[in-house]
Amino acid sequence: MNAILRLVWKEYRALRSFWLALAVFGLACDASIFAFVGQPQERLPGLLAFAGVLPAGFALGAGAILFALEREEATRDFLRYLPVTSPRLFTSKVTTAMLGTLLLGLLLAAVTLSDVRKVLTGRTVAADMFTGAADAAVVYVVMVVQAMGWSVFFSLRSARPLLAALLGALGAVSCIGLTHFSAERLGFDRPQWSWTLPVLHLTAAAAIWSANVWLGSRWLHGRRVIEREPWADVGRFSAYRRLVWQEWRSSWRMLTAIVILGLLVPLLLWLAFIPTTVLGLALLGGCSFLADQEGRQFRFFAERGVAPRQIWIARELFWGGAAVALALLLFAEYWLALLVVGLADPEARRLFDALGWVFQPGGYLVWVGLAFAAGQLCSMFFRSGVLAATLSVVLAGVLAAWAALMHKLQVPLWWSAAPLIGAMLAATWLRSTGWVLQRNSVRAWLPAVAVLALPVAALLAGVPAYRVWEIPQPTLALEMARSAPPSEAAKAAVTQFLAACQSLTLPKSVEPSPWNNPYDATPTAEEQTWLTENAPALDRVIEAVDRLSDDAAVAVSPPTSPVEWRILAVMLVRYGQTAEADGKLVDAWWRYQAVFKLARFVRRENGVPGEILGDELQQSAAVQLIRWGAHEGQTTEKLRAAIDSLGRSEAQLPPLAEVALIDYQEALAMLEDVRTHPEQFGGDAVLAARWTPWEYTRVRRLLAYMASLNVSDARYAEAALSDTSAKVPFLPRAGEFAEVRRLWQTTTFSPLTETALYAENRRQLVCCLRAVQLVLAAQAWRLDYDALPEKLGDLARPFFEKLPVDPYDNQPFDWLPWGLRIAVRSRNAGEIPAGTPLIYGRGSTAEFVDQRERTRMTLERLRRRSADDRIVRDTPSLAAGGVASAAESTQGGMAAMPAVRAGGGPMGPDTSAASEQGASEVGMMAGAAPVAPDAPQYVEQLDGLAFPIP
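Calculation criteria
- Residues numbered from 1 in each chain as written.
- Predicted model: local features only at pLDDT ≥ 70, side-chain atom pairs only at ≥ 80, totals over all residues.
- Heavy atoms only, no water.
- Helix = DSSP H or I, 4+ residues; strand = E, 2+ residues; numbered from the N terminus.
- Contact = heavy atoms within 4.5 Å.
- Areas by Shrake-Rupley, 256 points an atom, 1.4 Å probe, with all protein chains shown as cover.
- Buried < 20%, exposed > 50% of the residue type's maximum accessible area, 1.4 Å probe, protein only.
- Pairing = 2+ DSSP bridges.
- Axes fitted to C-alpha atoms, helices over the stretch in contact; angles between N-to-C directions.
- Parallel < 35°, antiparallel > 145°, perpendicular 65-115°, else oblique.
- Left-handed = near helix turned anticlockwise from the far one by under 90°.
- Nonpolar A, V, L, I, M, F, W, Y, C, P; charged D, E, K, R; others polar.
- Salt bridge = Lys/Arg side-chain N within 4 Å of Asp/Glu carboxyl O.
- Phe/Tyr/Trp six-rings, centres within 6.5 Å; stacked < 30°, edge-to-face > 60°.
- Lys NZ or Arg CZ within 6 Å of the ring centre and 35° of its normal.
- Expected span 1.5 Å × (residues − 1).
- Patch = residues over 30% accessible without salt bridge, like charges linked within 9 Å, V, L, I, M, F, W, Y side chains within 5 Å.
- Core = buried A, V, L, I, M, F, W, Y, C linked by side-chain atoms within 4.5 Å.
- Polar contact = N/O pair within 3.5 Å; in protein donor to acceptor, adjacent residues only side chain to side chain.
- pLDDT = per-residue confidence, 0-100.

A word on the overall build of the protein
Right, so step 1: Helix and strand content of the protein: 33 helices and nine strands.
Right, so step 2: In the protein, of all internal contacts separated by at least 6 residues, the share reaching a separation of at least 24 is 81%.
Right, so step 3: Of the roughly 43900 Å² of accessible surface on the protein, 62% is carried by carbon and sulfur atoms.

Given below as structure tokens:
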């Protein structure tokens, strides 16, 4: 037993550095997960992954070290003189490796125990992640034992630990992949065959360990092993050729194993292209000086006067050339897999697209260079081949993650990642002389350390500075004038209004929303019952809201939620509809007006939510006036009063620039809340608070820049809306707004909204108010002349000092007094039957000029020129019976908008041949097939804002 303990102690000392390196790395990774991720259910997958991968990696590396290291350090002959047998030696080595694997796994698993307990006892949604954990643990243990068996097998047959580890990994991957493939092909992966997969893995592990036991019992006296090739006489070559040839003779097996492993893994796990690239290139770099490190054979060159820089160049030429070849093969394999697998699997295609930037020429060059440079750095600085290879993969993974982060943040890779490649290559170049001559003084190490430390320090300082200074300085002063406090009378009116609101028990929800389509919005039976029961309370609310002054503001009292204000507005609109149905047009008018005043009340001093809600409320009331104006018993005087009231409502809208500044101040307050309490806003905010405080400065500058653009656009829009002689009040800084959206996408945490298009929201509201004024004027004209005017210009003098124009281009609205020949659909008014008079606004900014022109051409094609123009009740059927896109239904430069199924049956017997001919004409204009006798009914989609006149 004493001899066994001594042998175990010897193996412990051989594996100690490797075990400690993986343990420290695993604990550091776990600590980073705890630092960056706040919730246990979010941390657990990463913690369990490290607790599983690192012990498996130790088992693979330790098994390769056990026997190959004895030959590499020439201690095998020494063991033969000891009073120990081969079976006892084999048992001590394998026991030590298994105990080390078990201890590493327990150490890393212990870190996860607290989170596992929290997830299981906290009844979180992540508790189901432990379903089938016992079966998975059994399969994992068997696979680890199998992987160690393969590495021990090649360690028994090889004299190079790293080669044994690579061959062991290749054998384990191939065997495990073949086992899973066979189980899937034979159907053993089904639930009723859940026991077969562990049995297959156990069988494979038993087979390889049986071979190991047989070889281990004869290892001390066996002689047939894979030894390093003796250096051949290559005197006819130059010095560099001799060094390259010598490296080939001693390392061709290692090179072959790495290349096969790098190409085989993506074939078995075709989604592993990214880690395979890092693994393969890092291992090739990690072998750059392996042959010279083994047994300190670089002394051979020092004793014979070989220049250290020649050795460096020769090794980089050989392994760098191999890295280029492997990188090209992986590049070709990636695009082949994308073609073969990615096109057939949509989920895989999305993953390929997300990671595709790595395989673009620029990103791939940086990715490959970082992996190889990290490997050759570790190969020179660490003597143990297995430890150097492990740290090469770790360092390459860290650098690859840095490059991926720089790409995500859109920091140029040419200065944020590429300089690290040159720094690592320069470090080994400067260290090569001291390495060959075994100079370990501070002076010998200083150049290599400095050339690494300076670029790293520059990047750690330069990237945060770039992140902050990437945001332009705002061009406008962002100071807001303080408004005067409300008067005592206004406060009293607000108190009375809120008291009236508290007497109401509002419904929890109302459907449909009345401003989506005013023509089919009528109270439901439940709403009618509620209105009847609460009529006195609603009357008190209307009287109270009528007494609110312009400086009144929402107090922090119920109802405070914007959703509740919206429900109150809906019920007021419903209340007006009931009065309208009873012919009480004056009562309906005052109820609709109450919604306008409620919108002004909600807007004041409530920031952006109040502004957005106020726009919705005013639009909801404005569109109701269209049907109200066409009601029987309407008079010209009432319509004129409504037109004047809508004009005053537009003039009373709060300045957009003030709204933009309020939003900026609210965003700054929220940002300060995020900085103070980051745990309430998710992992990105915690990460910024703990590790990247400059991101708060970046967000603050970005908010200021965005607010500057919003204020500028708001002032421009207000000027254009007030001066109708302006030609095109489009967004003058659209390119800068696009840049703001890009900057938001590259910000690590974003609890706030992106750009707020205040001008666009205001233009839509103003478009609605002006169009409704024109509709009411047209209805008043019809009352006076028993017909609609033929052109909008006829309405100018009787009803307006200056005719309202479309706020999107300050041009007259499109006026279609006889409607269109077919049915159309608008996003604000729903389906509009053929022949319905309407006013149309373009409703889009400069970014959609082509779309607006296509819509104008569609209106010209489908416009009825007179009351005698034929109406086509059934529009032409589409080719192949489907729904055509705009691109598919274009003919002669005129694009028909996408057709939408509108309901209705086939053409009836009263459809004349003339109407069918008219339908065919429209179908030819729209680029569609002629109408068939059983053609279904379709409508065309319009992209602007349509206001039909009932």
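Some remarks on the pairing of strand S9 (residues 945-948)
Right, so step 1: By the alternation rule, side chains of S9 split into Leu945 and Phe947 and Ala946 and Pro948, which are all buried.
Right, so step 2: Note that strand S4 (residues 838-841) and S9 share four bridges and pair antiparallel. Looking across to S9, one finds that leucine 838 is bridged to proline 948.

Side note on the packing of helix H14 (residues 361-381) against helix H17 (residues 418-436)
Right, so step 1: Put simply, H14 and H17 touch, their axes get as near as 9 Å, and they point 20° apart. Overall, the two elements H14 and H17 adopt an arrangement that is roughly parallel. As for how H14 packs across H17, the hand of that crossing is left-handed. In this structure, H14 uses Val366, Gly369, Leu370, Ala373, Ala374, Gln376, Leu377, Met380 and Phe381 to contact H17, whose residues at the interface are Ala418, Leu420, Ile421, Met424, Leu425, Ala427, Thr428, Arg431, Ser432 and Trp435.
Right, so step 2: Class assignment for the residues of the contact of H14 with H17 results in 14 nonpolar, four polar and one charged.

A closer look at the pairing of S4
Right, so step 1: A two-sided burial pattern is seen for S4, the buried positions comprising Leu838 and Tyr840 on one face and Ile839 and Gly841 on the other.
Right, so step 2: The pairing of strand S1 (residues 814-816) with S4 spans three bridges and is antiparallel. Bridge assignment links aspartate 814 to a residue of S4, and that residue is tyrosine 840.

Side note on the packing of H17 against helix H18 (residues 442-469)
Right, so step 1: One way to put it is that H17 packs onto H18 with a least axis distance of 8 Å and a crossing angle of 170°. As far as their axial angle goes, H18 and H17 are roughly antiparallel. Residues Leu420, Ala423, Met424, Ala426, Ala427, Leu430 and Arg431 of H17 form the contact with H18, whose own contacting residues are Ala444, Trp445, Pro447, Ala448, Val451, Leu452, Pro455, Val456 and Leu459.
Right, so step 2: Its residues placed into classes, the contact of H17 with H18 shows 15 nonpolar, no polar and one charged.

A few points about the sheet that holds S1
Right, so step 1: The strand order S1-S4-S9 describes an open sheet built from three strands, whose pairing is antiparallel. The two strands at the open ends of the sheet, each matched to only one other strand, are S1 and S9. Within this sheet the neighbouring strands show an average axis-to-axis angle of 15°, counted without direction.

What about unusual backbone geometry?
Most peptide bonds take the trans form, and the phi angle of most residues other than glycine is negative.
Right, so step 1: Even without being a glycine, glutamine 410 presents a positive backbone phi close to 60°.
Right, so step 2: Relative to the helices and strands, glutamine 410 is located in the loop between helix H15 (385-408) and helix H16 (413-416).
Right, so step 3: The residue aspartate 786 is not glycine, and still its phi comes out positive at about 60°.
Right, so step 4: For aspartate 786, a relative accessible area of 69% puts it in the exposed group.

Re the pattern of salt bridges
Any two side chains of opposite charge can pair, given that their charged atoms come close.
Right, so step 1: Counting across every chain of the model gives 19 salt bridges.
Right, so step 2: Salt-bridge contacts for aspartate 292 lead to arginine 315; the nearest nitrogen and oxygen are separated by 2.8 Å. A residue pair is termed long-range when its members are at least 10 positions apart, and aspartate 292 in helix H10 (residues 290-293) and arginine 315 in helix H12 (residues 308-342) qualify at 23 residues.
Right, so step 3: What you see here is one network of salt bridges that share partners, running through Lys10, Glu11, Glu70 and Lys93.

Notes on the packing of aromatic side chains
Right, so step 1: This structure, assessed with the given rule, holds 19 aromatic pairs.
Right, so step 2: Considering the side-chain rings of phenylalanine 153 and phenylalanine 154, the 5.2 Å spacing of their centres and the 85° angle between planes classify their relative orientation as edge-to-face.
Right, so step 3: Where phenylalanine 318 meets tryptophan 319, the ring centres are 5.1 Å apart and the plane angle is 85°; that geometry is what we call edge-to-face. Each member of the pair phenylalanine 318 and tryptophan 319 is classed as buried.
Right, so step 4: Across the ring face of phenylalanine 67, the terminal group of lysine 93 is positioned such that the distance to the ring centre comes to 5.4 Å.
Right, so step 5: The ring centre of tyrosine 575 lies 3.4 Å from the NZ or CZ of arginine 591, which sits over that ring.

Considerations on helix H23 (residues 585-603)
Right, so step 1: The terminal C-alpha atoms of H23 lie 27 Å apart, and with 19 residues this matches the ideal 27 Å at 1.5 Å per residue to within 8%.
Right, so step 2: Burial of H23 is extensive: 15 of the 19 residues sit out of reach of the surface.

Concerning a nonpolar patch on the surface
Right, so step 1: Residues Leu99, Leu102, Leu103 and Leu106 make up a contiguous nonpolar surface patch of roughly 390 Å² in combined accessible area.
Right, so step 2: Position of leucine 102 relative to the elements: it lies in helix H4 (residues 86-121).
Right, so step 3: Take leucine 102: its relative accessible area is 48%, and that puts it in the partly exposed class.

Some thoughts on the nonpolar core
Right, so step 1: Val152, Leu166, Trp209, Met254, Leu284, Trp319 and Leu370 are the most contacted members of the largest nonpolar core, which has 105 residues in total.
Right, so step 2: Residue contributions to this core peak at 11 residues, all from helix H2 (residues 40-72).
Right, so step 3: With residues up to four places along the chain from it excluded, the contact list for leucine 166 reads Met254, Ala257, Ile258, Leu261 and Leu283.
Right, so step 4: With 78 residues, the next largest nonpolar core counts Ala500, Trp530, Ala579 and Tyr592 among its residues.

A closer look at helix H21 (residues 535-546)
Right, so step 1: Taking 1.5 Å per residue, 12 residues should reach 16 Å; H21 reaches 16 Å between its end C-alpha atoms and fits that length.
Right, so step 2: What H21 keeps buried is the set Ala535, Ala537, Leu538, Val541, Ile542, Ala544 and Val545.

Details of the side chain of glutamine 624
Right, so step 1: Looking at the element boundaries, glutamine 624 is found in helix H24 (residues 607-629).
Right, so step 2: Of note is the side chain of glutamine 624, whose polar atom sits 3.0 Å from the side chain of glutamine 577.

A few points about the environment of alanine 147
Right, so step 1: Positionally, alanine 147 belongs in helix H5 (residues 133-157).
Right, so step 2: Taking relative accessible area as the criterion, alanine 147 reaches 12% and is therefore assigned buried.
Right, so step 3: Separated by 86 residues in sequence, alanine 147 and glycine 61 place their C-alpha atoms 9.7 Å apart.
Right, so step 4: Not counting residues within four places of it along the chain, the set of residues in contact with alanine 147 comprises Leu60 and Ala172.

Thoughts on the confidence of the model for the protein
Right, so step 1: Residues of the protein with pLDDT of at least 70 account for 75%, and the chain-wide mean is 77.
Right, so step 2: Across the protein, the secondary-structure element scoring lowest on mean pLDDT is strand S6 (residues 894-895), at 29, and the one scoring highest is H17, at 93.
Right, so step 3: Confidence drops under a pLDDT of 50 for residues 224-237, and excluding neighbours within four residues, the segment shows 30 contacts in the predicted structure.
Right, so step 4: Contacts of residues 555-559 to residues separated by more than four positions or lying in other chains number nine contacts, the stretch itself having pLDDT below 50.

Some words on the side chain of serine 151
Right, so step 1: Checked against the element boundaries, serine 151 lands in helix H5.
Right, so step 2: Residues in contact with serine 151, not counting those within four places in the same chain, are Ala59, Leu60, Gly63, Ala64, Ala164 and Gly168.

Looking at the environment of tryptophan 530
Right, so step 1: With respect to the secondary-structure elements, tryptophan 530 resides in helix H20 (residues 525-533).
Right, so step 2: On the basis of relative accessible area, tryptophan 530 is assigned to the buried category, the value being 11%.
Right, so step 3: A C-alpha to C-alpha distance of 9.2 Å links tryptophan 530 and methionine 571, two positions 41 residues apart in sequence.
Right, so step 4: Sequence-distant contacts of tryptophan 530, that is, excluding residues within four places in its chain, are made with Leu504, Thr505, Leu506, Pro507, Leu538 and Met571.

With respect to the environment of isoleucine 260
Right, so step 1: Relative to the elements of secondary structure, isoleucine 260 occurs in helix H8 (residues 239-268).
Right, so step 2: Here isoleucine 260 falls in the partly exposed class, since its relative accessible area comes to 41%.
Right, so step 3: For isoleucine 260 and leucine 326, which are 66 residues apart along the polypeptide, the C-alpha to C-alpha distance reads 9.6 Å.

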